[in-house]
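Structural characterization, general
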Amino acid sequence: MLSRNIRYACRRYSHAVTFRTTESSPTQQTDNQFGLFYTVNKDLCKQLYGHGGLPKSYMKQSKTFAETAIMVRRPALDIINCIKATDLNKPAIRYVLYGEDGTGKSMTIAHLLHYAFEEGYLIVHVPWVSDWLRRVLRHKEMANSLTREGLVDLPLDAAAWLLHFKTQNQHLLKSPEFIVSKEYVWSKREKTEAGAPLHELVELGIARVKYACDVVDAIVNEVKLLSNSKKCKTFVAVDGYNGFFNPLTRLKTPTKKKVAPEEVTLTTSILELTKNDWTNAVMVLSADSIANPDDDTKNYLPQHLLYRKGFDHLDPFVPVKVDRYTDREFLTCANYYRDRLWIRGPLDMETELKLTSACNPFKFMEQCAPL
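Residues numbered from 1 in each chain as written. Predicted model: local features only at pLDDT ≥ 70, side-chain atom pairs only at ≥ 80, totals over all residues. Heavy atoms only, no water.

With that out of the way, let us pick up the pattern of salt bridges. Taken as a whole, this structure holds 22 salt bridges when the rule is applied. With a shortest N-O distance of 3.2 Å, Glu67 and Arg20 are connected by a salt bridge. Of the two residues, Glu67 is situated in the loop between α3 (56-65) and β2 (68-71) and Arg20 in the loop between α1 (2-16) and β1 (37-40); the sequence distance between them amounts to 47 residues. Given a relative accessible area of 16%, Glu67 falls into the buried group. Across the pair Arg73 and Glu329 runs a salt bridge whose closest N-O atoms are separated by 3.2 Å. With Arg73 in the loop between β2 and α4 (74-84) and Glu329 in helix α13 (residues 327-339), this residue pair connects regions lying 256 residues apart in the sequence. Each of Arg20, Glu67, Asp339 and Arg340 takes part in a single network of salt bridges with overlapping partners. (Salt bridge = Lys/Arg side-chain N within 4 Å of Asp/Glu carboxyl O. Helix = DSSP H or I, 4+ residues; strand = E, 2+ residues; numbered from the N terminus. Buried < 20%, exposed > 50% of the residue type's maximum accessible area, 1.4 Å probe, protein only.)

Dropping the structure here:
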């Protein structure tokens, strides 16, 4: 019995020294790094995820661990390999992440955002669609659109998104090739001239919140033109994309009329962006049952979550399942938690945690929190 315990401890130790990889660039990660953690630089983390992109529970854990570590998982590796082999001269390919709650769809997008940044893509990222459509009622933050009849604006959300877009792409927006293709008239006194730098258009939307939603729409059009003309390659990422196709939102007009997703100007802009009628682009979207809070079926398949309208909008797309941890990934995560002193106690504790969490990444993280 003693010798068996010693062998078991030695095996655990041999695994413990291999839970981390020094290859911090997703562009260089291969199957050799599968199941290992890599650390994202603090400044880069702030640039990419400072305005959204990481789950709140993970951000809290990262603050405790004093580092942002992302596991290299199979869905991200597969999509990276597909992107590398893609002919960007063809219409943009849409990848749809799906899977059970808590398996890591948002973290996969976060990993791919890092890859896109390293590869020099212009990033267009919506961290969580439900933040626009499913939050508590905000009458003062809503306004009827002045340019699109029958639609409503969410100007504060649009301005916040423009700041996120500016932060993620600050290294690219200064390029002299990023210019506005046509004149945009905002009022009798305010307009953006054709040929103006794109970052001026972004700054206008941030400074003049009443125009923010129209600026977002203009940015979508300009990004598609820039990509088609090969002045940039674009990476579109939308988490909880199926939220755009829910029957209703939690938004209400002052007359108590419920607002449908398609009646929100931000929805029309992002749906226009996720068409595959343009080139030099890659899109990664997630279908998440959390974005359908009124659905109790627990069906996580894209065909169910996207409804018929969303499925037809994206068809054809490449479905990518994000599954629970494999044995190797679970052991890596357990060793990482031990290294961070997040798990203490006997070595056989992991066996019990593996059974109670069913290798679900979020449940495992949640169960380890009070240990």
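So that's the structure; there's more coming.
Looking now at the confidence of the model for the protein. Here the protein averages 91 in pLDDT, while 94% of its residues score no lower than 70. Scored below 50 in pLDDT, residues 6-16 makes eleven contacts in the model with residues more than four places away or belonging to other chains. (pLDDT = per-residue confidence, 0-100. Contact = heavy atoms within 4.5 Å.)

Contact pair helix α2 (residues 42-49) / helix α5 (residues 105-118): the axes reach a minimum separation of 11 Å and the direction vectors enclose 105°. Taken together, the axis directions place α2 and α5 in an arrangement best described as roughly perpendicular. Across from Leu44, Gln47, Leu48 and Tyr49 in α2, the residues of α5 making contact are Ala110, His111, Leu113, His114, Phe117 and Glu118. Split into classes, the residues belonging to the contact of α2 with α5 amount to six nonpolar, three polar and one charged. (Axes fitted to C-alpha atoms, helices over the stretch in contact; angles between N-to-C directions. Parallel < 35°, antiparallel > 145°, perpendicular 65-115°, else oblique. Nonpolar A, V, L, I, M, F, W, Y, C, P; charged D, E, K, R; others polar.)

For the rest of this paragraph, the subject is the sheet that holds strand β9 (residues 234-238). As a general point, the strands of a sheet are linked pairwise by backbone hydrogen bonds and lie either parallel or antiparallel. With parallel pairing, the five strands of this open sheet are ordered in space as β4-β9-β10-β3-β11. Looking at the sheet topology across the chains shown, the edges are occupied by β4 (122-126) and β11 (318-321). Recorded for the sheet is a direction-independent mean angle of 15° between the axes of neighbouring strands. Pairing of strand β3 (residues 93-98) with strand β10 (residues 281-286), which is carried by five bridges, proceeds in the parallel orientation. When the bridges of β10 are listed, Ile93 appears paired with Val282. (Pairing = 2+ DSSP bridges.)

Here the focus is unusual backbone geometry. The peptide bond linking Asp315 to Pro316 adopts the cis configuration, its omega dihedral lying at 5°. Its place among the elements puts Pro316 in the loop between α12 (307-314) and β11. Despite not being glycine, Ala358 shows a phi value in the positive range, around 55°. Among the structural elements, Ala358 can be located in the loop between α14 (349-357) and α15 (361-368).

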